[in-house]
Amino acid sequence: MNTEILRVDPVSPEPAVIAKAAGLLRAGRLVAFPTETIYGLGANALNSEAVRGIFAAKGRPASNPVIVHVAEPSQISNVAADWPETARKLAERFWPGPLTIVVPKKPGVPDEVTAGGPTVAVRCPNHPVARALIAAAGVPIAAPSANRSTELSPTRAGHVLKGLAGRIEMVLDGGPCPGGLESTVVDVTGPAVRLLRRGLISVPMLEDVVGPLANREREQPETVARSPGQMAKHYSPRTPVQLTLAREDTVRAVQTALQTNLRVGVLLRNSDSVPEISVVPGYRFLDDDPNRYAAWMYQALHEFDDRHLDIVVIEMPPDTPEWAAVRDRLTRAAAGN
Ligand code: TXA
Ligand code: MG
């Protein structure tokens, strides 16, 4: 299959481009598109065969359910059997936006979408291209991240093509995704809201709306399809990652790598002054602000991969709530080694 790449204006998407992509989705084909978080790989969520195509293209295990995207909050009644009060409050505050809400599913939602489970994850994205595309398709759109399973998430069309060229019908190239990190996933089917995946909406932001979240540590281990995005090896670059906690560790790790003639990359924050390691050609600085760091994080990891380094040393940002999602993804990136 020849994957068509169509440029689209990320602010005012051209109707003709959107119509073409929406036609493909309605015909059961796969189209990658930008959202405010990362690029998604879309298929008609109500067409089992189309959704099976997502799993085949990604090499994704059938046990990992996918998020259903809607253009308007009013469309949730097409896929959700129940919309609890907490879901209403969260959607009112954070939609359209990077929050995914797990609720009981409607019988018509294919098992492929929910991995055979009783719940469905729903999100109303806040990117003009995503919203125009879903609206034009006229159906809810199942869309996991547009990458091969366990690999790095894509924040640009080029990242999508690295993994999926020849495997999908089309990529809408709307430039870089502004958020750069996946949505937060919460489950509202229990008595307290439960965090399933950290993301751009932080825990304090959620708790501001719904009060204390359920304590994850006290939870029973899940048997099926809880949120397999929590598997340790996920969001992994090809290059081995070594995490460091303090500057001395970073310097030592870089020196050790250089002494053994390894090609090393280093990822730091702007505030970090680095005279000792500025000799390394592969260092890269990201912003001190967690949201701006997140926006560039996957791009930086993709660049390290493209340069075929032997190792990337990443100094962990601080252990504070606003850095929690970034730290989560960096930890997973290192777990893939
Ligand atoms: O920002 C995002 O969420 C992006 C964009 C494209 O919307 N999508 C994304 O999808 O990251 P994916 O498939 O890579 O991650 C979806 C996560 C996985 O951890 C999956 O296990 C979880 O959501 N999930 C999906 N449906 C679920 C369900 N019914 N119950 C629990 N977890 C679910
Ligand atoms: Mg993913």
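Not measured: the values here are computed from a predicted model. (Residues numbered from 1 in each chain as written. Chains lettered and ligands numbered in written order. Predicted model: local features only at pLDDT ≥ 70, side-chain atom pairs only at ≥ 80, totals over all residues. Heavy atoms only, no water.)

**What to know about the packing of aromatic side chains**
No. 1: As enumerated under the stated definition, the model contains two aromatic pairs in all.
No. 2: Centroid distance tryptophan 83 to tryptophan 95: 5.6 Å. Interplanar angle 40°. Geometry classified as tilted. Residue tryptophan 83 is found in the loop between strand S4 (67–69) and helix H3 (85–94), and its partner tryptophan 95 is found in the loop between H3 and strand S5 (99–104); the two are separated by twelve residues along the sequence.
No. 3: For tryptophan 83, a relative accessible area of 23% translates into the label partly exposed.
No. 4: For tryptophan 95, a relative accessible area of 8% corresponds to the buried category. (Phe/Tyr/Trp six-rings, centres within 6.5 Å; stacked < 30°, edge-to-face > 60°. Helix = DSSP H or I, 4+ residues; strand = E, 2+ residues; numbered from the N terminus. Buried < 20%, exposed > 50% of the residue type's maximum accessible area, 1.4 Å probe, protein only.)

**A few points about the pairing of strand S10 (residues 194–197)**
No. 1: As judged from the three bridges shared by strand S9 (residues 184–187) and S10, these two strands associate in the antiparallel manner. Its bridge partner lying in S10, valine 185 is registered against arginine 197.
No. 2: Count of turn residues in the S9/S10 antiparallel hairpin: six residues. (Pairing = 2+ DSSP bridges.)

**Quick notes on the sheet that holds strand S3 (residues 39–44)**
No. 1: With respect to topology, ten strands assemble into an open sheet ordered S1-S8-S2-S3-S7-S4-S6-S5-S9-S10, the strand pairing being mixed. Each end of this open sheet is capped by a strand with a single partner; those strands are strand S1 (4–7) and S10.
No. 2: On top of the sheet, helix H1 (residues 15–26) reaches S1, strand S2 (31–34), S3, strand S7 (141–142) and strand S8 (170–173); it is set at about 150° to S8, its chief contact.
No. 3: Each of S3 and S7 touches helix H2 (residues 48–58); the most contacted strand, S3, lies at about 145° to it. (Contact = heavy atoms within 4.5 Å. Axes fitted to C-alpha atoms, helices over the stretch in contact; angles between N-to-C directions.)

**Considering the packing of H1 against helix H5 (residues 128–137)**
No. 1: For the pair H1 and H5, interaxial distance at closest approach is 8 Å and the crossing angle is 55°. In this view, H1 runs oblique relative to H5, as classed from their interaxial angle. In this structure, the crossing between H1 and H5 has a hand that is right-handed. Here H1 contributes Ile18, Ala21, Ala22, Leu25 and Arg26 to the contact with H5, which in turn contributes Val129, Ala132, Leu133, Ala136 and Ala137.
No. 2: Looking at the contact of H1 with H5 residue by residue, the class counts come to nine nonpolar, no polar and one charged. (Parallel < 35°, antiparallel > 145°, perpendicular 65-115°, else oblique. Left-handed = near helix turned anticlockwise from the far one by under 90°. Nonpolar A, V, L, I, M, F, W, Y, C, P; charged D, E, K, R; others polar.)

**Description of the pattern of salt bridges**
Pairs can form between side chains of opposite charge whenever their charged atoms are close.
No. 1: Scanning the model with the defined rule gives 21 salt bridges in all.
No. 2: Across the pair glutamate 72 and arginine 131 runs a salt bridge whose closest N-O atoms are separated by 3.3 Å. Of this pair, glutamate 72 sits in the loop between S4 and H3 while arginine 131 sits in helix H5, and the two are 59 residues apart along the sequence.
No. 3: Classification of arginine 131 by relative accessible area gives partly exposed; the value is 24%.
No. 4: Arginine 194 is paired through a salt bridge with aspartate 187; the nearest N and O atoms lie 3.9 Å apart. The pair formed by arginine 194 and aspartate 187 is uniform in burial state, with each residue classed as buried.
No. 5: One connected set of salt bridges, linked through shared partners, spans Glu182, Asp328, Arg329 and Arg332. (Salt bridge = Lys/Arg side-chain N within 4 Å of Asp/Glu carboxyl O.)

Function-wise, these values are silent; they only describe arrangement.
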